[in-house]
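# Summary of structural features
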Amino acid sequence: GGGQGNIYITQDTSTNQWSEVTSVPTDYYWASIDMSASGQYIIAPANINNVVYLSSDFGDSWTVIPMTQLPEKYYNWAVVSSSRQYMYTVVGGTSGSTGTIYQSKDFGVTWHTTTAPNLEWYAITCDDSGKYLVAVTTADLIYYYLDSGGTWLASSGASSNDWHSVTSSSDG
């Protein structure tokens, strides 16, 4: 997903005034972007460029999450829970690129791998609490996680598709 270009933000949708984020590269391939309900935390993976950018101040400044925290390549999708505390990013989604799902429980400061299997992950979503997840692969699979034992379960009722996005209600 995504394409080469710029990131724009607005803090007042009533005026339709958008500003280009100049503190991130304009020639990166942005795969997705997501923010907390307040807009304070914003996460944007650049898949082909193998980096994930994070802002914790409404987009005023951005930092790259260090490779020591996210050592794999090809980050494809990211999500921030409405509570802001939980963040996730998935690896894979292209031409046999497999990887795992990474989670931060502390506003993006530290990251660790989840118990998700290594697959061609494409997209992920979570409920407001950040504890109930649904993730999709390019290999026709939908997985869900209910934070009650660390087990990712494959959905058996979904039709075969090349999934490219997923969304969740606020209560999962």
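Below: a short report on this structure. Remember, it's a predicted structure, so these values are computed and weren't measured experimentally.

Definitions and limits used
Residues numbered from 1 in each chain as written. Predicted model: local features only at pLDDT ≥ 70, side-chain atom pairs only at ≥ 80, totals over all residues. Heavy atoms only, no water. Helix = DSSP H or I, 4+ residues; strand = E, 2+ residues; numbered from the N terminus. Buried < 20%, exposed > 50% of the residue type's maximum accessible area, 1.4 Å probe, protein only. Contact = heavy atoms within 4.5 Å. Areas by Shrake-Rupley, 256 points an atom, 1.4 Å probe, with all protein chains shown as cover. Phe/Tyr/Trp six-rings, centres within 6.5 Å; stacked < 30°, edge-to-face > 60°. Pairing = 2+ DSSP bridges. Axes fitted to C-alpha atoms, helices over the stretch in contact; angles between N-to-C directions.

Next up on the list: the overall build of the protein. Within the protein one finds zero helices and 16 strands. With 172 residues in all, the protein has 43% of them scored as buried. Counting only contacts in the protein whose residues sit at least 6 apart along the sequence, the fraction spanning at least 24 positions is 41%. Carbon together with sulfur atoms contributes 47% to the accessible area of the protein, which is approximately 8400 Å² in total.

A separate point is the packing of aromatic side chains. One pass over the structure, following the stated rule, counts five aromatic pairs. An angle of 65° between the planes, with centres 6.3 Å apart, marks the rings of tyrosine 28 and tyrosine 53 as edge-to-face. Of the two residues, tyrosine 28 sits in strand E4 (residues 28-30) while tyrosine 53 sits in strand E7 (residues 51-55), which places them 25 residues apart along the sequence. Residue tyrosine 53 is classed as buried on the basis of its relative accessible area, which comes to 9%. A centroid spacing of 5.7 Å and a plane angle of 70° characterise the contact between tryptophan 30 and tyrosine 53, whose relative ring orientation is edge-to-face.

All right, on to the sheet that holds strand E13 (residues 121-126) then. Judged by pairing direction, the sheet is antiparallel, and its four strands sit side by side in the order E13-E14-E15-E16 without closing on themselves. The open sheet has two free edges, formed respectively by E13 and strand E16 (152-154), since each of these has just one partner strand. Strand-to-strand, the axes of this sheet are offset by a mean angle of 25°, without reference to chain direction. Bridge count between strand E14 (residues 133-137) and strand E15 (residues 142-145): four bridges; the pairing is antiparallel. Directly across from alanine 135, in E15, lies its bridge partner tyrosine 143.

Okay, the sheet that holds strand E9 (residues 75-80) next. Ordered by their spatial adjacency, four strands build an open sheet running E9-E10-E11-E12, and the pairing between neighbours is antiparallel. Of all strands in the sheet, those with a lone pairing partner are E9 and strand E12 (112-113), marking the two edges.

Turning our attention to the side chain of glutamine 69. By secondary structure assignment, the location of glutamine 69 is in the loop between strand E8 (63-64) and E9. With relative accessibility at 19%, the residue glutamine 69 sits in the buried group. In this view, glutamine 69 contacts Tyr102, Val109, Thr110 and Trp111; residues no more than four positions away in its chain are not counted.

The values are spatial; any link to function lies outside them.
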